[in-house]
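What follows is the residue order along each chain.
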Amino acid sequence: MENLKSKLEILFNQNFFSDEFDPEGEFPEIAQELLNSYSWKDIYSICFEHFTNNCVTADELYNALNLYYIYSFIEQPIPNPYELIGYILFRIDIEQDWDKYGEFIDTFTISILDKSLGSNLMTDGYYRTWEDPKTIDAIELWKSKGVK
């Protein structure tokens with residue numbers, strides 16, 4: 001498990017927005033090797049831990065989520081979609097920072113729900129993840145944990 005964790009740390013220590021980062025280079029290949037070699041449960045557990053322990057600013061989380069997306073982890077269902085979405089929207093104020101993060105976060109969170117719950121929310125032009133009562137409850141839970 002430590003080997004998996006160290007490889008995921010390497011993947012998430014990349015700057016997605018850097019000119020040096022190649023979205024078709026070695027890092028997506030490493031991610032694919034991990035998907036082929038380890039259980040998704042173990043991979044996701046470490047990803048979730050990374051998001052919630054290492055991504056304490058909106059920009060850090062935005063970078064990590066873009067990496068998660070480019071590594072095709074977004075294609076996997078997760079056991080706790082509202083917990084993750086709650087954390088994302090706890091860290092990123094989607095309404096205040098729509099121009100910077102909005103479209104990506106909207107698509108990302110709906111993709112998580114569609115993949116994890118078998119829903120088809122991507123085709124619902126009126127659904128807003130941040131207005132979903134389950135998401136609101138999850139955001140409030142993160143706030144109540146005293147997470148800074």
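Everything below is about the structure shown above.
Please read these numbers as outputs of a predicted model, since none were measured by experiment.

(A) Local environment of helix α4 (residues 58–70). Helix length check: α4 (13 residues) gives 18 Å between terminal C-alpha atoms against 18 Å at 1.5 Å per residue, within 8%. If you check which residues of α4 are buried, you get Ala58, Leu61, Tyr62, Asn63, Ala64, Leu65, Asn66, Leu67 and Tyr68. Where the residues of α4 are buried, they touch α1 (2–12), α3 (40–54), α5 (81–91) and α6 (98–117). Downstream of α4 by a residue or two, Ser72 has a phi angle that is positive, lying close to 70°.

(B) Representation of the packing of aromatic side chains. For the structure on display, the rule yields 22 aromatic pairs. Consider the rings of Tyr69 and Phe104, whose centres lie 6.0 Å apart with planes at 75°: the pair is edge-to-face. A residue pair is termed long-range when its members are at least 10 positions apart, and Tyr69 in helix α4 and Phe104 in helix α6 qualify at 35 residues. Phe104 sits in the buried class, given a relative accessible area of 17%.

Conventions and cut-offs
Residues numbered from 1 in each chain as written. Predicted model: local features only at pLDDT ≥ 70, side-chain atom pairs only at ≥ 80, totals over all residues. Heavy atoms only, no water. Helix = DSSP H or I, 4+ residues; strand = E, 2+ residues; numbered from the N terminus. Expected span 1.5 Å × (residues − 1). Buried < 20%, exposed > 50% of the residue type's maximum accessible area, 1.4 Å probe, protein only. Contact = heavy atoms within 4.5 Å. Phe/Tyr/Trp six-rings, centres within 6.5 Å; stacked < 30°, edge-to-face > 60°.

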